Amino acid sequence: MTLLGKLTWQAFPLREPLPLFSGLGVFLILIAIVLWTWRKGHIPYLWREWITSVDHKRIGIMYFMLGSVMLLRGFIDAIMMRSQQAVAYRSPGFLPPSHFDQVFSAHGTIMIFFVAMPFMIGLMNLIVPLQLGVRDVAFPTLNSVSFWLTAAGALLVNLSLVVGQFDRTGWLPYPPLSELRYSPGVGVDYYCWAIQISGIGTLMTGVNFVTTILKLRAPGMHYTRMPMFCWTALAANLLIVAAFPVLTATLGMLLLDRYAGFHFFTDSAGGNSMLFMNLIWAWGHPEVYILILPAFGIFSEVVSTFSGKPLFGYRSMIYATMAICIISFMVWLHHFFTMGAGATVNSIFGIASMIIAIPTGVKIFNWLFTMYGGTVRLTTPMLWAIGFMVSFAIGGMTGVLLAVPPADFQLHNSLFLVAHFHNVIIAGVVFGAFAGYTYWFPKAFGFVLDERLGKLAFWLWLVGFWVAWGPGYVVGLEGMTRRLQSYDVAEWRPWLLVMAAGVAIILLGILTQIAQIVVSVRTRERRRDLTGDPWDGRNLEWATSSPPPPFNFAALPNVADQEPYWDMKTRAREIGQLVRPEPQYEAILMPRNTPTGFVTAFFAVVTGFALIWHIWWLVILGLVGSYATFVVFAWRDHDEELIPAAEVARLDRANRAARTTRLQERMAERQSERESRP
Amino acid sequence: MSAPSSALRTGRDPYHLGHGPATGVPEYTGHGGGGPAPKRIVVGYGFWIFILSDVVLFSCFFAAYTVLIHARNGGPGPGIFDLRNTAEETACLLLSSFCCGLASLAVGRRSLLWTEVALAVTGAFGLTFIVLEAHEFAGLVTRGYGPTHSAFLTAFFSLVGCHGAHVTAGLLWLGTMMAQFAAKGFKENIRHRYLCFSLFWHALDIIWIGIFTVVYLIGRTTP
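In this text, all values refer to a predicted model and were calculated from it rather than measured experimentally.

Here we come to the overall build of chain A. Secondary structure assignment for chain A yields 19 helices and 2 strands. Taken over the C-alpha trace, chain A has a radius of gyration of 26 Å; the compact-globule value for 678 residues is 26 Å, and the two agree within 12%. Summarising its shape, the C-alpha atoms of chain A cover approximately 80 × 60 × 45 Å along the three principal directions. Here chain A holds 678 residues, and 53% of them are scored as buried.

Here it is, written out as structure tokens:
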């Protein structure tokens, strides 16, 4: 045993220019950013206000930023795959198979675990406590730990770019291929430890949010008064609590096979790889609902706000959400109809899979009926919502098609399947994330994003998505299987060229989004959201200033209605002043910031890296460090900070003044409208 | 602690386990429209949710065990388990939980001495359990029935070992808890932490009852 375990100079891609230079480039950019921040003197601010922050809003923003950076990384993988398949007709292309395999594995892993999940968890963090009318989540420090563990997992995945290699078995490491015998390198280990670490973070998020939603709501907020986003967040987090331990256990078993010579999934000594298929999809199918349910919640908020109407069929929406939550655990086998379960079992799971389309259909109709008869405003978030409804319905229908076992036998592992899940994930989850991003951006930062560029980005994404994945259905039906590094079927070629063009259009969409941020930040002074309610919103997140003060609400709101803020505004217009008189301001106790999350994640990275490279002394050091962090945190006496009453009063009075002005303007507008009417 | 116990005597619902806030009591449960629940309830509830997720984790290892129980690779089946050792382990674990309950009573009475004594005995029984389990494992390995021998043994060692790892982590927590009581006394957040610890410790008993039944009892009747 050497000091550095399996780690040698051969782990670094010194002879492969592509990963070497891209890795070096990223490394240099990171160094440059750190140096720049340090020179500008921002490090203490970042440390005090962001890295150690336990404020749910800031953690939410950091989650979203992590997701955005990882989206760029995963999208580069997408560009590489599309261009490889565009040129690899009767030719090896520019990516050798071993590299191409890493690219599609990394693309899937990153997009699901480090893009879609941080997007959704980020938006939940930012908005759920505000919508519930409370001051923070149930366990603020744990929340920070969750975020930093997710970031630690993302860091490990990206580290594999320059130190060693990533896994080549796809985004789910199916045994026996992923066993030590067939994948002796560190790739699968990188995958497993990165996902174990970030998975623990996600599980903690689930515990945190289930507790928050069930135990911490403003007075008067019964379950049937909770905003739809909170309901879908509840369902998603219940799924996290029930599903993520399965992922942890399954990858734990695979790791035991690889590290200790166990025989869970090996093809010798009685190991059973079908056990892996069942377990991983018992997590994997609920996982897709963990992603899509919050997106459904975002669309519910957006459609209702921009139609100027309460959500149609609120209760049926709750039933549909919870039905999906439960049925999502009864369909996992449809991911491997072809693996010999037999006709009866396949039929049961096929029918269960089709049944899920019913509550989802209920939701689509509810959104449509919310728009029907409403005053629809076609803002950017609303465009994302409408684009979603049209595209997702098609993705859902191809899903029902795949749920029919005989059809699935033809389409299994084909590009038709890949087109289906990109259809529901891009047009569902990603569009949902972008709708939520544009909708709640002013709440997070206090100014509205540029609408013109936002709409342009939407159209580029929508068109780009269909150009990229519409042909995927066609080549799939023509028999093209997924993950092909090269091919020699002439009929596929034109479609694959079109798909490459689609990715280029999506790239333009992403560039437009970057431009949108730059332009909006530069012109932020005239985009200020002074009242905290830029969209004429309906739920409590709009009842506080933008960005909200650390304590969210000077006094907890009293909820008497399903749309508490809309109710408040309507009554304010009737009586001509703000509904709630100025409260008796009191000092507010808020949790103190702590570096616990950051330090824990540091030790998690150290431990994970050491485990991957079999550096056992470092593993022990990392674990001892984690335990020490835990004890130091547990030992602190001073864990809360008092925000003085004067400060609370100052922040709240400013917001009340802005709202009063706005109310008077509104009433004057109405008056003049009434007078101008014949 | 005197307020809830007097409330118990008067037949009220001190922890508001029913729906909605009880009238005249300022503490809410978070049910219905009563407003945010107090910290004790939030902490205990959150930890319960975590325990449920841990139960799901164990369920996977249970599933793997029942799937792989016949995959013996020419080796032995559950006949190799020594039920006497299992009985001793069970006794240790249940007594440990009983002492943990006594420690809860001592915390309720704010008696540092009895808290520490009860926790020490809790830990001693837990440690004995771990020693017995390690003894069982070592015996199997020396007879050539280690976890690498067959899928059945893999599943057995993992399921029982996962429980053992939880007990070991619990012992570490227990030691930290004792140090905290000694250093900081019965502060509110320390008591909340102790509430979580006792939930954890009792939950491990429930898991053990599952292991006792599925692995050792049913296992003995499996050919």
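There is more to say, and it comes next.
Looking only at helices and strands, one finds 6 helices and 0 strands in chain B. Each helix (α) and strand (β) of chain B, taken in turn from the N terminus, gives the series α-α-α-α-α-α. The proportion of buried residues among the 223 residues of chain B is 35%. Intrachain contacts of chain B at a sequence separation of at least 6 include 71% that bridge at least 24 residues.

What follows concerns the interface of chain B and chain A. Counting residues at the interface gives 35 residues for chain B and 39 residues for chain A. Those elements that place two or more of their residues in the side of chain B that touches chain A are α2 (39-68) and α5 (151-184) of chain B. Considering every element that reaches the side of chain B that touches chain A, the biggest residue donor is α2 of chain B, with 16 residues. Here the side of chain B that touches chain A is composed, by residue class, of 19 nonpolar, 14 polar and 2 charged.

On to the packing of helix α6 (residues 187-215) of chain A against α2 of chain B. Here α6 of chain A crosses α2 of chain B at 135°, and the two axes come no closer than 9 Å. In terms of orientation, α6 of chain A and α2 of chain B fall into the oblique class. The two elements α6 of chain A and α2 of chain B cross, and the hand of that crossing is right-handed. From α6 of chain A, Leu-203, Val-207, Val-210, Thr-211 and Lys-215 of chain A reach across to α2 of chain B, where they touch Ile-41, Val-42, Tyr-45, Gly-46, Ile-49, Phe-50 and Ser-53 of chain B. Here the contact of α6 of chain A with α2 of chain B is built from residues that sort into 8 nonpolar, 3 polar and 1 charged.

Quick look at the confidence of the model for chain A now. The share of residues in chain A with pLDDT of 70 or more is 100%, and the mean pLDDT across the chain is 94. Of all the helices and strands in chain A, helix α1 (residues 17-39) of chain A carries the lowest mean pLDDT, 86, while helix α7 (residues 228-260) of chain A carries the highest, 98.

Residues and elements named next belong to chain A. Following Pro-175, the chain continues to Pro-176 via a peptide bond in cis, the omega torsion being 0°. Along the chain, Pro-176 turns up in the loop between α5 (140-159) and α6. Looking along the chain, the bond that leaves Ser-546 and enters Pro-547 is cis, with omega of -15°. The topology assignment puts Pro-547 in the loop between α15 (492-522) and α16 (564-575). Despite not being glycine, Asp-536 has its phi angle at roughly 60°, a positive value. Among the structural elements, Asp-536 can be located in the loop between α15 and α16. A residue is classified by how many C-beta atoms lie within 10 Å of it, and Asp-536, with 14 of them, is partly exposed.

Here we take up the nonpolar core. Grouped together as the largest cluster of nonpolar side chains are 254 residues, with contacts concentrated most on Ala-116, Met-120, Ala-152, Leu-156, Leu-239 and Phe-299 of chain A. In contact with Met-120 of chain A, not counting residues within four places along its chain, are Leu-291, Pro-294, Ala-295 and Ala-433 of chain A.

Bringing the environment of Leu-417 of chain A into the picture now. Residues and elements named next belong to chain A. In this fold, Leu-417 is placed in helix α13 (residues 415-445). Judged by the 21 C-beta atoms lying within 10 Å of it, Leu-417 is buried. With 214 residues separating them along the chain, Leu-417 and Val-631 place their C-alpha atoms 48 Å apart. Sequence-distant contacts of Leu-417, that is, excluding residues within four places in its chain, are made with Leu-402, Leu-411, His-412 and Gly-476.

Residue and element names in this part refer to chain A. The residue Ser-353 is located in helix α10 (residues 343-371) in this model. Judged by local crowding, Ser-353 falls into the buried class, with 26 C-beta atoms found within 10 Å. Taking the C-alpha atoms as reference points, Ser-353 and Ile-327, 26 residues apart in sequence, are found 8.2 Å from one another. Excluding residues within four positions of it along the chain, Ser-353 makes contact with Val-331, His-334 and Ala-403.

Moving on to α10 of chain A. All names here are of chain A. For α10, built from 29 residues, the straight-helix expectation of 42 Å at 1.5 Å per residue is met to within 8% by its first-to-last C-alpha distance of 43 Å. Listed as buried for α10 are Asn-346, Phe-349, Gly-350, Ser-353, Ile-356, Pro-359, Thr-360, Lys-363, Asn-366, Trp-367, Thr-370 and Met-371. In this fold, the buried residues of α10 make contact with α8 (273-307), α9 (314-327), α11 (380-402) and α12 (405-411). Gly-373, located one to two residues past α10, shows a positive phi value of around 80°.

Attention shifts here to α6 of chain A. Look at α6 of chain A: 42 Å from first C-alpha to last across 29 residues, which is about the 42 Å you get at 1.5 Å a residue. With 29 of its 29 residues buried, α6 of chain A lies for the most part within the structure.

The rules behind the values
- Residues numbered from 1 in each chain as written.
- Chains lettered and ligands numbered in written order.
- Predicted model: local features only at pLDDT ≥ 70, side-chain atom pairs only at ≥ 80, totals over all residues.
- Helix = DSSP H or I, 4+ residues; strand = E, 2+ residues; numbered from the N terminus.
- Rg over C-alpha atoms; globule rule 2.2 N^0.38 Å.
- Buried ≥ 20, exposed ≤ 12 C-beta atoms within 10 Å, placed from the backbone.
- Contact = placed C-beta atoms within 7 Å.
- Nonpolar A, V, L, I, M, F, W, Y, C, P; charged D, E, K, R; others polar.
- Axes fitted to C-alpha atoms, helices over the stretch in contact; angles between N-to-C directions.
- Parallel < 35°, antiparallel > 145°, perpendicular 65-115°, else oblique.
- Left-handed = near helix turned anticlockwise from the far one by under 90°.
- pLDDT = per-residue confidence, 0-100.
- Core = buried A, V, L, I, M, F, W, Y, C linked by C-beta atoms within 7 Å.
- Expected span 1.5 Å × (residues − 1).

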